[in-house]
Amino acid sequence: MSMTVSNKKQPDVHPIGKLEIPESKTEFLDNGIPVSIINLGDQSVNRVDIVVEGGRCDERHPLESDYVAALLREGSTEHSAKEIAEQLDFNGSWLGCNAGSHTITVTMYSLNRNFDKVAGILAELVHSPSFPEKELSTTKAMLKNRLRTDSEKVSYLANVSYNSHYYGAEHPLGRIPDENMIERITREDIIDFHRRRFVPGNMRFVVSGKIEPGIIETLNRHFGRIGKAGTLCASA
């Protein structure tokens, strides 16, 4: 049985029914990091978002936050990028990082039964990423190639031109990236941005999914022992 849709007849308009927004509750880790908990769903999976205050508008050097987001997954002081990727894959987890205008968000999806195994990896990458020089060079080359490709697209040119006129050419959101800007970033710039921004007083957690007993305790064990200055609490 086929259904014919008439483009000449206006669809019926109906009032919006009851809109149910899941409630959240907030707890705090031992060092004061707020954790918003949204408990919903019947599958034993969870999502952890770590929202760090500080993005493109908070950079001392253009593109710092983008480099932090791109390189955060490329290894910690304890494990290489390959070792981390293998552990995440083996335990059925996925991890990503995105830089915005005012925040950087680190996101991890994982199975509840393996959360304790991958929460430590997440903590390593957030607290002590290695930002390897080799990966920085690779990322610079990738960004330059992407810029060359994007510069041939009308949509990209229109977007950067609009932002430049709207915000101003010197504003962090109005700057037009070029290859010199990409090349000027150093590993020390990236480490400095991470050191200033990735501290407990500057981040918050959002945990959603089927939140089973032990998940928040596990987060507290891995993240609640870091002091507000970014160092381990004296009691650790």
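Residues numbered from 1 in each chain as written. Predicted model: local features only at pLDDT ≥ 70, side-chain atom pairs only at ≥ 80, totals over all residues. Heavy atoms only, no water.

### Observations regarding the overall build of the protein
What the protein contains, in helices and strands, is eight helices and six strands. Overall, the C-alpha framework of the protein stretches about 70 × 50 × 30 Å when taken along its three principal axes. Burial status across the protein gives 40% buried among its 236 residues. A fraction of 76% describes how many contacts in the protein between residues 6 or more apart in sequence connect residues 24 or more apart. Of the roughly 14300 Å² of accessible surface on the protein, a fraction of 52% belongs to carbon and sulfur atoms. (Helix = DSSP H or I, 4+ residues; strand = E, 2+ residues; numbered from the N terminus. Buried < 20%, exposed > 50% of the residue type's maximum accessible area, 1.4 Å probe, protein only. Contact = heavy atoms within 4.5 Å. Areas by Shrake-Rupley, 256 points an atom, 1.4 Å probe, with all protein chains shown as cover.)

### So, the sheet that holds strand β6 (residues 203–209)
Spatial strand order, β1-β2-β6-β3-β5-β4: six strands in an open sheet with mixed pairing. Two strands in the sheet have a free side with no partner beyond their single neighbour: β1 (25–28) and β4 (94–99). If you compare each strand with its neighbour and ignore which way they point, the axes differ by 20° on average. Bridging between β1 and strand β2 (residues 34–39) involves four bridges; their strand directions are antiparallel. Bridge assignment links K25 to a residue of β2, and that residue is I37. (Pairing = 2+ DSSP bridges. Axes fitted to C-alpha atoms, helices over the stretch in contact; angles between N-to-C directions.)

### Let's talk about the environment of F90
Mapped onto the secondary structure, F90 falls in helix α2 (residues 81–90). On the basis of relative accessibility, which here comes to 70%, the residue F90 falls in the exposed class. Residues F90 and I21 lie 69 residues apart in sequence; the distance between their C-alpha atoms is 34 Å.

### A word on the pairing of β2
Hairpin connection, β1 to β2: the antiparallel pair is bridged by five residues, and G32 has positive phi, about 95°. Sheet analysis places β2 next to β6, joined by five bridges and oriented parallel. What sits directly across from I38, in β6, is S208.

### Points about the side chain of T107
Its location among the elements puts T107 in strand β5 (residues 103–111). For T107, a relative accessible area of 10% corresponds to the buried category. There is a polar contact of 2.6 Å between the side chain of T107 and the side chain of D49. If near-sequence neighbours (up to four positions away) are discounted, T107 is found in contact with R47, V48, D49, W94, L95 and G96. (Polar contact = N/O pair within 3.5 Å; in protein donor to acceptor, adjacent residues only side chain to side chain.)

### So, helix α7 (residues 187–197)
Of the residues making up α7, those classed as buried are D189, I190, D192, F193, H194, R196 and R197. Buried residues in α7 make contact with β3 (45–53), α1 (64–71), β5, α3 (115–127), α4 (133–150) and α6 (179–184).

### Let's talk about the state of the cysteines
In this structure the tally under the stated criterion is zero disulfides. Looking at C97, it has no disulfide partner, and the nearest cysteine sulfur is the one in C57, 17 Å off. For C97, a relative accessible area of 14% translates into the label buried. (Disulfide = S-S within 2.5 Å.)

### Observations regarding the packing of α3 against helix α8 (residues 215–223)
Between α3 and α8, whose axes approach to 9 Å, the crossing angle comes to 35°. Remark: the crossing between α3 and α8 carries right-handed chirality. Contacts between α3 and α8 involve F115, D116, A119, G120, L122, A123, V126 and H127 from the first element and I215, T218, L219, R221, H222 and F223 from the second. Here the residues of the contact of α3 with α8 sort into eight nonpolar, four polar and two charged. (Left-handed = near helix turned anticlockwise from the far one by under 90°. Nonpolar A, V, L, I, M, F, W, Y, C, P; charged D, E, K, R; others polar.)

### Points about the pattern of salt bridges
Taken as a whole and judged by the stated rule, the model has 17 salt bridges. Between D116 and R221 there is a salt bridge; the shortest N-O distance is 2.3 Å. Of this pair, D116 sits in helix α3 while R221 is found in helix α8, placing the two residues 105 residues apart along the sequence. Among the salt bridges present, the one from E183 reaches K144, with a minimum N-O distance of 2.5 Å. One end of the pair, E183, is in helix α6; the other, K144, is in helix α4, and 39 residues separate them in sequence. Sharing partners across several salt bridges, the network here consists of R60, E64, D192, R195 and R196. (Salt bridge = Lys/Arg side-chain N within 4 Å of Asp/Glu carboxyl O.)

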